[in-house]
Amino acid sequence: MSRRTIEVTDALYDYILETSLREPPILAELREETATMRGGGMQISPEQGQLMGLLAELIGARRYLEVGTFTGYSSLAVALAMGPEGRLTCCDLSESYTEVARRYWRKAGVAERVDLRLGPALETLDEAIAAGESGSYDYAFVDADKESYQGYLERCHTLLRSGGLLGLDNVLWGGSVVDPAKDDADTRAIRALNAALKEDPRWTISLVPIGDGLTLARKR
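Residue indices begin from 1 for each chain and proceed along its sequence in written order. Only residues with pLDDT of at least 70 are given local features in this predicted model, and only at 80 or more are side-chain atom pairs given and counted; all residues enter the totals for whole chains, interfaces and linings. Side-chain figures throughout are based on the complete set of non-hydrogen atoms in the structure, without hydrogens or water.

Draft legend 1. Just the nonpolar core, in detail. As used in this record, nonpolar core signifies buried Ala, Val, Leu, Ile, Met, Phe, Trp, Tyr and Cys residues forming a set joined through side-chain atoms within 4.5 Å. Burial classes follow relative accessibility: with a 1.4 Å probe on protein chains only, a residue under 20% of its type's maximum area counts as buried, one over 50% as exposed, and anything between as partly exposed. Ranked by internal contacts, the top residues of the largest apolar core, which has 30 residues, are Tyr64, Leu76, Trp105 and Tyr139. Contributions of two or more residues to this core are made by helix 2 (25–35), helix 3 (46–58), helix 4 (73–82), strand 2 (87–92), helix 5 (95–108), strand 3 (114–118), strand 4 (137–142) and strand 7 (214–219). With 6 residues, helix 4 is the single largest residue contributor to this core. Filtering out sequence-adjacent residues up to four positions away, tyrosine 139 remains in contact with Met52, Leu55, Ala56, Ile59, Ala61, Arg63, Tyr64, Leu65, Val78, Leu160 and Leu165. In terms of nonpolar packing, the next biggest core, distinct from the first, is built from 23 residues, Cys91, Val142, Leu166 and Leu197 among them. To qualify as a helix, a DSSP run of H or I must reach at least 4 residues; to qualify as a strand, a run of E must reach at least 2; elements of each kind are numbered from the N terminus. Here, two residues are considered to be in contact whenever any of their heavy atoms come within 4.5 Å of each other.

And the structure:
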């Protein structure tokens, strides 16, 4: 029995992957290519991608909203989990990173189900709200610029249906959230987000220590 989350050593992490990871070959290929790219460390871990796919299945997600698509690992994991009826709206700034995503969406046969919207995500989300998309998404995931997380949170609350699920990535920020020597804008933003979410009655939450920390929030 344990009163706290077990420490994941390198050996235990390898065991977790060996005994539970069911990564489709196309996701492994994308992950390996991304790892060679500049900024490749921004990619989520494969076990987090698998969890995200499982969550999509659990809630029966058919419409998924993503803020920060990068090279497409999380969106592809969710697209494969949702199946042919799923539709994805992906927001990003980078033409070059998302070109990799588009290539893998095509290879996986899901490209026709993905609506990629390039531009500042806060503006993209505001446009979606103005276009009448409020309450139309089942599932959302945010992995983008940290100073805008509070703004993304508010807009995702509007765009998600009642009972919809939101995932917020990097909420432990490499441990910086508990390091008093860290006082940069990104760290302050994540600390503020975490503190605000704990007291926000609009959400049911759990901070899961997977990857760099993933907060799951269900819209009440």
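The structure having been displayed, the exposition proceeds.
Draft legend 2. Quick peek at the environment of proline 201. Along the chain, proline 201 falls in the loop between helix 8 (185–198) and strand 6 (203–208). Sequence separation between proline 201 and leucine 93 is 108 residues; the distance between their C-alpha atoms is 32 Å.

Draft legend 3. Local environment of helix 4. For helix 4, a buried count of 8 out of 10 residues is recorded, marking the element as mostly surrounded by other parts of the structure. Residues of helix 4 that are buried include every one of Tyr73, Ser74, Ser75, Leu76, Ala77, Val78, Ala79 and Met82, and no others. On the buried face of helix 4, the contacting elements are helix 2, helix 3, strand 1 (63–67), strand 2, helix 5 and strand 4. A positive phi of about 80° marks glycine 83, the residue just after helix 4.

Draft legend 4. Structural view of the pairing of strand 5 (residues 160–169). Counting buried positions along strand 5 gives 8 out of 10 residues, so the element sits mostly inside the fold. By the bridge criterion, 5 bridges tie strand 4 to strand 5 in an arrangement that is parallel. Of the residues in strand 5, the one forming a bridge with tyrosine 139 is leucine 165. When the strands point away from the viewer, a crossover counts as right-handed if the route from the first strand across the helix to the second turns clockwise. Handedness of the crossover joining strand 4 and strand 5 through helix 7 (residues 149–159) is recorded here as right-handed. By this definition, two strands are paired if DSSP reports at least two bridges between them. Relative to strand 7, strand 5 runs antiparallel, the two being bridged by 5 bridges.

Draft legend 5. A look at the packing of aromatic side chains. Think of it this way: a Phe, Tyr or Trp ring, Trp meaning its six-membered ring, pairs with another when their centres are within 6.5 Å, and the plane angle makes it stacked under 30 degrees, edge-to-face over 60, tilted otherwise. In total, this model carries 3 aromatic pairs according to the counting rule given. Only lysine NZ and arginine CZ atoms are considered, and such an atom sits over a ring when it is within 6 Å of the ring centre and within 35 degrees of the ring normal. The lysine or arginine in question, arginine 63, covers the ring of tyrosine 137, its NZ or CZ lying 4.2 Å from the ring centre.

Draft legend 6. A look at the sheet that holds strand 3. Spatially, the 7 strands line up as an open sheet ordered 3-2-1-4-5-7-6, and their pairing is mixed. The open sheet has two free edges, formed respectively by strand 3 and strand 6, since each of these has just one partner strand. Mean inter-strand twist for the sheet, computed between neighbouring axes without regard to direction, equals 15°. In the sheet, strand 1 pairs with strand 2 via 5 bridges, with the strands oriented parallel. Along strand 2, the bridge assignment pairs valine 67 with cysteine 91. Structural elements are reduced to axes, namely lines fitted to C-alpha atoms, with helices fitted over the stretch in contact, and the angle between N-to-C directions of any two is expressed from 0 to 180 degrees.

Draft legend 7. Representation of helix 8. For a helix, the expected span equals 1.5 Å multiplied by the number of residues minus one. Here helix 8 contains 14 residues, and its C-alpha end-to-end distance of 20 Å stays within 8% of the 20 Å for a straight helix at 1.5 Å per residue. If you check which residues of helix 8 are buried, you get Thr187, Ala189, Ile190, Leu193, Asn194 and Leu197. Around the axis of helix 8, the buried residues are gathered within 160° of arc, so they sit on the same side. Elements in contact with the buried residues of helix 8: helix 7, strand 5, strand 6 and strand 7. Working note: the arc is built from the helix axis to C-beta atom directions.

Draft legend 8. Looking closely at unusual backbone geometry. Positioned with a positive phi, asparagine 170 is a non-glycine residue whose angle comes to about 65°. Residue position: asparagine 170 is located in the loop between strand 5 and helix 8. We classify asparagine 170 as buried; its relative accessible area is 12%.

Draft legend 9. Representation of the pattern of salt bridges. For salt bridges, the criterion is a side-chain nitrogen of Lys or Arg within 4 Å of an Asp or Glu carboxyl oxygen. Summed over the entire model, instances satisfying the criterion amount to 17 salt bridges. For arginine 155, the salt bridge goes to aspartate 126, with nearest N and O atoms at 2.8 Å. Here aspartate 126 lies in helix 6 (residues 121–130) and arginine 155 lies in helix 7, a separation of 29 residues in the sequence. Under the relative-accessibility criterion, arginine 155 is labelled partly exposed at 21%. Arginine 202 is the partner of glutamate 154 in a salt bridge, and the nearest nitrogen-oxygen pair spans 2.8 Å.

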